[in-house]
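The residues making up each chain are set out below.
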Amino acid sequence: MSEPKAPTPAPGDTYKGWLFKWTNYIKGYQRRWFVLSNGLLSYYRTQAEMGHTCRGTINLATANIAVEDSCNFVISNGGTQTYHLKASSEVERQRWITALELAKAKAFRMQAESDDSGDESTPPAAGQGGGARNSEVQSTLRTLGSKVEDLSTCNDLIAKHGSALQRSLSELEGVRLGGETSEKIRQVTERATLFRITSNAMINACRDFLALAQAHSKRWQKALQAEREQRVRLEETLEQLAKQHNHLERAFRGATVLPPSQSNPAIDSKGSVPGKGDASDEDEENEFFDACEDVQEFITVPADPKYHRSGSNVSGISSEMGMDDGTTSLDEQSMASNPESPQSQEVVPVRKRRTRIPDKPNYSLNLWSIMKNCIGKELSKIPMPVNFNEPLSMLQRLSEDLEYYELLDRGAKCQSSLEQMCYVAAFTVSSYSTTVHRTGKPFNPLLGETFELDRLQESGYRSLCEQVSHHPPAAAHHAISERGWTLRQEIALASKFRGKYLSIMPLGSIHCIFEKSNNHYTWKKVTTTVHNIIVGKLWIDQSGEIDIVNHRTGDRCHLKFAPYSYFSRDVARKVTGVVTDKDGKAHYVLSGTWDEKMECSRVMQSSRGGENGADGRQKTVYQTLKAKELWRKTPLPEGAENMYYFSTLALTLNEPEEGVAPTDSRKRPDQRLMEQGRWEEANAEKQRLEEKQRTARREREREANRSANPEEGKEPADGGGHQDSYKAMWFDRCVDPMTGEPTHIYRGGYWETKEQGNWDSCPDIF
C-alpha cells in the first residue's frame, strides 16, 4: 500500500511516517509507524497506538546514524539500542536521514546547554512537599506573565512611535528648505530617539524573558527527569506492595481455599515469581493470562463441629472408606497399616551415590553464529548446540517422575480406593515439581537408546525407558515395585512455537496399576509452557486439567493447574482438585501447588449456593475437615543453581554404573562431555551421533524398500520411502486394552539379560 510522501523536514518540525524495522530472524522486517519529535525517535505498531502504547524510543543526542545502502540505515546509541530500518525508496530514506541529522544536532545543543547549567539549577529535593513546588511554579508563572506584559507594552510603544516617525519623515520630504527646516529636523530627531529608546527596551525585555525561560526550561527538564525516576521507583515499590498484598490477602482468605485451622508456613518460601522480561515490540500483547476471579470451581469451608465429635457416618461418605473420622485420619490410617513407610523407618541405601556434578560452565552463546549456519536448512536438521541443554536425556527426565515413589507405596497400602486416588493425584502433581527451575532442554534420545533406573534394593522399584520412535519422537516407560504397584507410559511430545513462548503438549496416557486391589488408574499430562523464548529470562509454567480415572471402581479425580497470572490474587502455580466416586459425589478436596506441596481435606457435606462463577452458575460449597499433607517437595541440594537445578535424584541419574546396556543414556558420549564441562567437544560428538542416526535410518529405509521390491532391488521410481521399520528391543507395539490407543508395552527380558550380561543383540547407536 502506497503512503503519501512526507514533506522535506525543516529544523524543529515533527516528522512522521512508515518505516520497516528489523525485529528478529523469525519475523524479519516489520512495518512500524515512526515519530520524530524533540530529539526523540519513537515507534508504534500502528498510528492508533500513538495515544497509549509506545513500543520504543531512542534519544538522538547520543545516537549514531549510519547509512547501509540505498534504502537501509541504522540508528544506534552505543549498544543498548540499535534500530535497523528500511525505507520504501531512496528518496524517502534521504528525507529521514535529513530529519534525523537536524534533530540530532538540535538535541545535542540542548543537552550541552542543560549540562552547562546543571549545578546552577538542581531539581527540588524529593523530600520537599508538593505545596512548596506548587508555590514555586506559581511564582515563576507570575514573573513570566509580567515579562509578557512588558513585551506587549513595548510593542505598542514601538508601533506608536514608529507611526509618528513615519509621518515626520513624510512631512520632511514635502518641506521646502527654509526656516521650517530646522524645526522639522528637530522633531524627526526626537521621534527617532524615542523609537531607539523604546526598541532598546523591547530588546532588553526580550532578552530577560528569553534568559528566564531558558533557565527555568532547563530546571523543569531536570525536575521532569527527577519525577520520571521517582515514578519508576514508585512503580517498583507498588509492584512489591502488590505482591505483599497478594500474600496477605491469600493468608486472610485462607478459609475459602482450605480450612482456617491450616497454616501456610511456606508462603514466603516460594520461588520468586518470574518477571515480565524485557519489553519487546515483536511480542504480541503480554502472554500473562488474564486475571480470573473464578479460577476455583468450588469453595471449601470448615465442617460443622458435630462432624469432629461424632463417629457416625452422618456425612454420607461411602462405607468402603473403612474408617471413622473421629478415630483415624487418612494419613494416620496409612501410617498404621504401613510400618515400613519412610516416616517410621529410615531406609539405608546399599550404595552411596554421588551428590554433586561439575558446575555448569559460564559459556557465552553467540546466537547469530548458530543462525547463520542454519539458513536454508530444514528445522529438524538444524544442529542445536548443547548450550541449550542440560546433561540428561529425555529418558532420564521421564524417569524423574519416580522422584516421589513413596506416594505410590503409601497408596498401595490404602484400603479405600478413594484414599488411594488422593495419593495417585499427589504423585501426578509431584512429577512437575522438578521442572520449576529446569529451563535447560534434555537431550533428544537416539532411536533405540535406553535408560534403566534400578533402585530395587534401596527403594523397592526398578524402571526401564526406551526410545521406541524417532519420527515422531516417542519414549516408552515401565516401572514395577515389589511393594505392589506398576507404572507404565508412552509419551510423545507435540510443540507449538508462538514467538514469545513455546508450548509443549505431552501425548499419551499414564497407567498405574495396584496389584492388591487391581485398581487401574489412567491420566494424561498437562501442557508445559516455556516463556520468554526470544527476550528475557526463561521461566516455566504448567497449565491445564487432568482427569484421573479408576477404571475398576469408576472413581475420578479432576485436577486443575491454574495458569500463572500477574494480576491474580491466588497463589502462583496453584493446583486444586476434587475426588469423586462413580456417582459424582465428592469425598476429598485437594489443594496446593505443583512446585511445593499437596494437601487433602475430607468432604463432610456439599451444597450449592456459593458465589457465582464465571459462567453464572453457583459454585459448590464443600464442608471439610482439617487438611492433611499428602506430599511436600524435598529441598534442592546445596549449590543446585550451579548444577542445572538438579534434584538429589537427578544428580544420580547420569552416574556411571557397571552392567547397564550399551544403549544406556549413561554411555552417551556427548552427554557425558557436556556434564564434564567440555562443551565444544560435546557439540562435535552430538553432530556425529545425529549423523550416524540419520545414516542408520536411511539404511533401514533402503532395506525396507528392497524387501518391498525384491525384483528391482532398488527404491521406488517416485523416490518415496517406506515407513521406518525399526522395532523396539524391549517393548511391543500394540493397542492399549484400557484406552484403545496405540502404545508400546514392556515385553520383558531386560533384567534377565542384564543378569546374564549378554548384550549382543543390542544395536550400536553410540
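Here we summarise the structure given alongside this text. Quantities reported herein were computed from a predicted structural model and do not represent experimental measurements.

### Section: the side chain of Ser-430
Okay, step 1: Note on placement: Ser-430 falls in helix α9 (residues 417-430).
Okay, step 2: Excluding its chain neighbours within four sequence positions, the residues that come into contact with Ser-430 are Tyr-404, Leu-407 and Trp-631.

### Regarding the nonpolar core
Okay, step 1: Counting residues in hydrophobic clusters, the biggest one holds 64 residues, and the most contacted among them are Trp-485, Leu-487, Trp-523, Ile-548, Leu-559, Phe-561 and Leu-590.
Okay, step 2: Looking at this core, the element that brings in the most residues is α9, giving nine residues.
Okay, step 3: Here Trp-523 is in contact with Val-424, Phe-427, Thr-428, Leu-487, Gly-508, Ser-509, Ile-510, Cys-512, Ile-546, Asp-547 and Ile-548, once residues within four sequence places are set aside.
Okay, step 4: Ranked by size, the runner-up nonpolar core spans 20 residues in total, among them Leu-36, Ile-65, Trp-96 and Ala-103.

### Observations regarding the sheet that holds strand β7 (residues 82-86)
Whether parallel or antiparallel, the strands of a sheet pair through hydrogen bonds between backbone atoms.
Okay, step 1: Reading across from one edge, β4-β3-β2-β1-β7-β6-β5 is the order of the seven strands in this open sheet, with antiparallel pairing throughout. Looking along the sheet, the strands with just one partner apiece sit at the ends: β4 (56-59) and β5 (64-67). Averaged over neighbouring strand pairs, the angle between their axes works out to 35° when direction is ignored.
Okay, step 2: Strand direction decides the pairing type here: strand β6 (residues 72-76) and β7, joined by five bridges, are antiparallel. Each residue of the ladder has a partner; that of Asn-72, found in β7, is Lys-86.

### Here's the deal with a nonpolar patch on the surface
Okay, step 1: Judged by side-chain polarity, Ile-26, Phe-497, Ile-533, Ile-534 and Leu-538 come together as a nonpolar surface patch covering roughly 420 Å² of accessible area.
Okay, step 2: Inspection of the secondary structure assignment puts Ile-26 in the loop between β1 (15-24) and β2 (28-37).
Okay, step 3: Residue classification places Ile-26 among the exposed residues on the basis of a relative accessible area of 56%.

### Remarks on unusual backbone geometry
Okay, step 1: Geometrically, the link from His-471 to Pro-472 is a cis peptide bond, its omega value of 0° lying close to zero.
Okay, step 2: Within the element layout of this structure, Pro-472 appears in the loop between β12 (461-470) and β13 (473-481).
Okay, step 3: Notably, Asn-518 is not glycine yet its phi reads approximately 65°, a positive angle.
Okay, step 4: Mapped onto the fold, Asn-518 is located in the loop between β16 (510-514) and β17 (520-523).
Okay, step 5: A positive phi angle is found at Tyr-644, which is not glycine, with a value near 65°.
Okay, step 6: As for its placement among the helices and strands, Tyr-644 is situated in the loop between β25 (628-632) and α11 (648-653).
Okay, step 7: Judged by its relative accessible area of 7%, Tyr-644 falls in the buried class.

### Some details on the environment of Thr-434
Okay, step 1: Examined against the element boundaries, Thr-434 turns out to sit in the loop between α9 and β10 (441-443).
Okay, step 2: The spacing of Thr-434 and Glu-403 is 31 residues in sequence and 8.7 Å in space, taken between C-alpha atoms.
Okay, step 3: In contact with Thr-434, other than residues within four places in its own chain, are Glu-400, Glu-403 and Ser-647.

### Structural notes on α9
Okay, step 1: For α9, spanning 14 residues, the distance from its first C-alpha to its last is 20 Å, which sits close to the expected 20 Å at 1.5 Å a residue.
Okay, step 2: Where burial is concerned, most of α9 is hidden: 14 out of the 14 residues are buried.
Okay, step 3: One side-chain oxygen at the N-terminal end of α9 lies 3.2 Å from the backbone nitrogen of Leu-418; it belongs to Ser-416.

### Some remarks on the pairing of strand β22 (residues 586-593)
Okay, step 1: By the criterion of burial, β22 is predominantly enclosed, with eight of the eight residues buried.
Okay, step 2: Where strand β21 (residues 574-580) folds back on β22, the antiparallel hairpin that results is connected by five residues, among which Gly-584 adopts a positive phi of roughly 85°.

Calculation criteria
- Residues numbered from 1 in each chain as written.
- Predicted model: local features only at pLDDT ≥ 70, side-chain atom pairs only at ≥ 80, totals over all residues.
- Heavy atoms only, no water.
- Helix = DSSP H or I, 4+ residues; strand = E, 2+ residues; numbered from the N terminus.
- Contact = heavy atoms within 4.5 Å.
- Core = buried A, V, L, I, M, F, W, Y, C linked by side-chain atoms within 4.5 Å.
- Buried < 20%, exposed > 50% of the residue type's maximum accessible area, 1.4 Å probe, protein only.
- Pairing = 2+ DSSP bridges.
- Axes fitted to C-alpha atoms, helices over the stretch in contact; angles between N-to-C directions.
- Patch = residues over 30% accessible without salt bridge, like charges linked within 9 Å, V, L, I, M, F, W, Y side chains within 5 Å.
- Areas by Shrake-Rupley, 256 points an atom, 1.4 Å probe, with all protein chains shown as cover.
- Salt bridge = Lys/Arg side-chain N within 4 Å of Asp/Glu carboxyl O.
- Expected span 1.5 Å × (residues − 1).
- Polar contact = N/O pair within 3.5 Å; in protein donor to acceptor, adjacent residues only side chain to side chain.

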